[in-house]
Structures are given as structure tokens and as C-alpha cells.
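Each chain, written out:
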Amino acid sequence: MSQTDDLGDEAGDPVLEAKRLLLAAALPHVAFDGWTSATIDAAAREAGVDANLAKIAFPRGGVDLAVFHHQEGDRLLTDRLRAAPLAAMRVRDRVALGVRARLEIAEERREAVRKAASLFALPVYAADGARAVWGTADVIWEAIGDPSDDLNWYTKRAILSSVISATTLYWLGDESEGREASWAFLDRRIDSVMQFEKVKAAVNKNPLGKLLMTGPNWVASRIRKPGGPRETGAPSDLPG
């Protein structure tokens, strides 16, 4: 299940409605005041949202608003990828499309993303930033039909998270026309990842490499994604 499935998108949810009203009103302030409680207060006044409801919506203040902004972008990404002709594309092209689409969604809110990147760079909020990027990676892998449920489930999302983070930072400083430099950077990053996967596959096919990887591969086979099938392997299942 992707992170966007947990956004509480039920019609008539007063807290969700308040979050979206506050976010829309807050965005013009974020460019100047950042993701802060002062921004939420100003947004609440302008949107006519009760101050107590605003606190319920974003109990930690600005960081919760920034996280919600990111999640809303992921929700839009999910819709865009569902409508894309992914079946006719190579996996690397699907991944590239997903990352590019996510940044294109953020284009009109580039300064807000810059402020969020600065906020999530603070040690106290680093975990929030990491979870947000992981959620985007999960949305992309889920949309393109990733079937893995073992260690690959984690490694694919971890690797893609690093690609998303690096490309986003590059994109924030990119002034090229149409952000073409960012898309070239993205392609290079994905090509590097694909080279790594080719090397890993070659090691597993090589008799010596296969022997050396027997233990690690067995450990990996015991790992399942959250909600995946549980393993009940006994000691007799150990390789060799």
C-alpha cells in the first residue's frame, strides 16, 4: 500500500478539508515565512478555519503542513501515473517518468519545495523528510507494477529515494530552459542505478559469485515488505 492510500481522502472529512484549505491559503506565505506556525495562523485567518481545528490538522505546526504538502503532491502523482501508458515503456523509462512527473507537479511551488528541503535538512526533521521521499518512491514503484516483496522491495525504494533526493536538489538550482539539465541529470542517475543492477545480476550468475552470495541471498529471502507474506522458515531451511 502506498503512502497516499493513508491520506484520508474520504468525502466530508472535516480535518482533511481543513488541511487543504489551510495549505492553499498558506502557499503564498511559505515563500516568505517558510513552513512555520505563523504561516498556519495567517492561513487560518484568511481561509476562515478555526484556530483549534488548525492545531488538530497540523499539531506540530509547520513541519506537518510541509509533510502534507508533499503528500498532496504524491496524490497528484498517483493520478498522473494511473493515466500514463506505462505498459508500453521499459522499467527505467517508467521510473524516469515518475520522478520527472513528480517534479513537474512541484514546478509551480518550487520556492515552497526549496523551503521544505531546508526544513527537512534540520536534524530534528530529517526523519520526516526521509519518510516523505520514501513515500514518493513507493508511489512510483507501486504505479509501475513492482512485484517484489523481499529485500528488493526495500532496496528499490531506498535507491530510488536517493535518485529523487539528488535530482530534486539539482532541479532546485536548475535555470535551464524547460529544466532540460535536470532531466539529463535524472537520466544519468538512473543509468548509474541500472549499471549497478547489471553488475549484481552478473555476480549472481557467476558460479563463484553465486557461492559467495548464498548466505546474503538467503537472508534477503527472509525479508518481506510490510504486509507481505510471512516467512516461517526453520533452521533446516538454511542453505547448504
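## Considerations on the packing of aromatic side chains
A ring pair, where both rings are aromatic, is described by two values, the distance of the centres and the angle of the planes.
Point 1. Per the stated rule, a full pass over the model turns up 5 aromatic pairs.
Point 2. When the centroid spacing of 6.2 Å and the interplanar angle of 55 degrees are considered together, the rings of tryptophan 134 and tryptophan 153 count as tilted. Highlighted residues: tryptophan 134 in helix H7 (residues 126–143) and tryptophan 153 in helix H8 (residues 151–172), separated in sequence by 19 residues.
Point 3. On the basis of relative accessibility, which here comes to 29%, the residue tryptophan 134 falls in the partly exposed class.
Point 4. Tryptophan 153 gets classed as buried once you look at its relative accessible area, which sits at 7%.
Point 5. Between tyrosine 170 and phenylalanine 185, the aromatic rings sit 4.4 Å apart at their centres with planes inclined by 10 degrees, giving stacked as the arrangement. With tyrosine 170 in helix H8 and phenylalanine 185 in helix H9 (residues 180–205), the pair connects residues that are 15 residues apart, well separated along the chain.
Point 6. In this arrangement the basic side chain of arginine 110 is found over the ring face of tryptophan 171, its NZ or CZ atom lying 5.4 Å from the centre.

## A closer look at unusual backbone geometry
What you tend to see is this: most non-glycine residues have negative phi, and most peptide bonds are trans.
Point 1. If you check the backbone angles, arginine 179 has positive phi at about 55 degrees while not being a glycine.
Point 2. By the secondary structure assignment, arginine 179 is in the loop between H8 and H9.

## Here's the deal with the environment of aspartate 128
Point 1. Relative to the assigned elements, aspartate 128 resides in helix H7.
Point 2. Once the C-alpha coordinates of aspartate 128 and valine 67 are considered, the two residues, 61 residues apart in sequence, prove to be 7.3 Å apart.

## So, the packing of H7 against H8
Point 1. At a minimum axis separation of 8 Å, H7 and H8 run at an interaxial angle of 115 degrees. When the axes of H7 and H8 are compared, the crossing they make is right-handed. Side by side, H7 and H8 meet where Val133, Trp134, Thr136, Ala137, Asp138, Ile140, Trp141 and Glu142 of the first sit next to Trp153, Tyr154, Lys156, Arg157, Ala158, Leu160, Ser161, Ile164 and Ser165 of the second.
Point 2. For the contact of H7 with H8, the per-class residue count stands at 10 nonpolar, 3 polar and 4 charged.

## Let's talk about helix H6 (residues 110–120)
Think of an α-helix as turning once every 3.6 residues; residues three or four places apart then point the same way.
Point 1. Considered for burial, the residues of H6 that qualify are Arg110, Ala112, Val113, Ala116, Leu119 and Phe120.
Point 2. Contacts made by the buried residues of H6 are with helix H1 (14–33), helix H4 (62–82), helix H5 (91–106), H7 and H8.

## Section: the confidence of the model for the chain
Point 1. Looking at the chain, the pLDDT average stands at 84 and 78% of residues meet or exceed 70.
Point 2. In this model, residues 1–8 is a region of pLDDT below 50 whose contacts with residues beyond four sequence positions or in other chains number 23 contacts.
Point 3. Across residues 230–240 the pLDDT falls below 50, and counting only partners more than four positions away or on other chains, this stretch makes 9 contacts in the model.

Definitions and limits used
- Starting from 1, residues in each chain are numbered consecutively following that chain's sequence as written.
- Only residues with pLDDT of at least 70 get local features here, since the model is predicted, and only at 80 or more are side-chain atom pairs given and counted; chain-wide, interface and lining totals rely on the full set of residues.
- Where side-chain values are given, they derive from all heavy atoms of the structure, hydrogens and water being excluded.
- Ring pairs shown here join Phe, Tyr and Trp side chains whose ring centres sit within 6.5 Å, with only the six-membered ring taken for Trp; geometry is labelled stacked below 30 degrees between planes, edge-to-face above 60, and tilted in between.
- The secondary structure listing takes helices from DSSP runs of H or I that are at least 4 residues long and strands from runs of E that are at least 2 residues long, numbered from the N terminus.
- Burial classes: relative accessible area under 20% of the type maximum marks a residue as buried, over 50% as exposed, and values in between as partly exposed (1.4 Å probe, protein chains only).
- Should the NZ of a Lys or the CZ of an Arg lie within 6 Å of a ring centre and within 35 degrees of the ring normal, that charge is described as sitting over the ring.
- Only C-alpha atoms enter the line fits that serve as axes; for helices the fit covers just the stretch in contact. Angles between N-to-C directions range over 0 to 180 degrees.
- Left-handed describes a crossing in which the near helix is turned anticlockwise from the far one by less than a right angle; the clockwise case is right-handed.
- We call two residues in contact whenever any of their non-hydrogen atoms come within 4.5 Å of each other.
- In this classification, Asp, Glu, Lys and Arg are treated as charged, Ala, Val, Leu, Ile, Met, Phe, Trp, Tyr, Cys and Pro as nonpolar, and every other residue, Gly included, as polar.
- Confidence of the predictor at the level of single residues is given by pLDDT, which spans 0 to 100.

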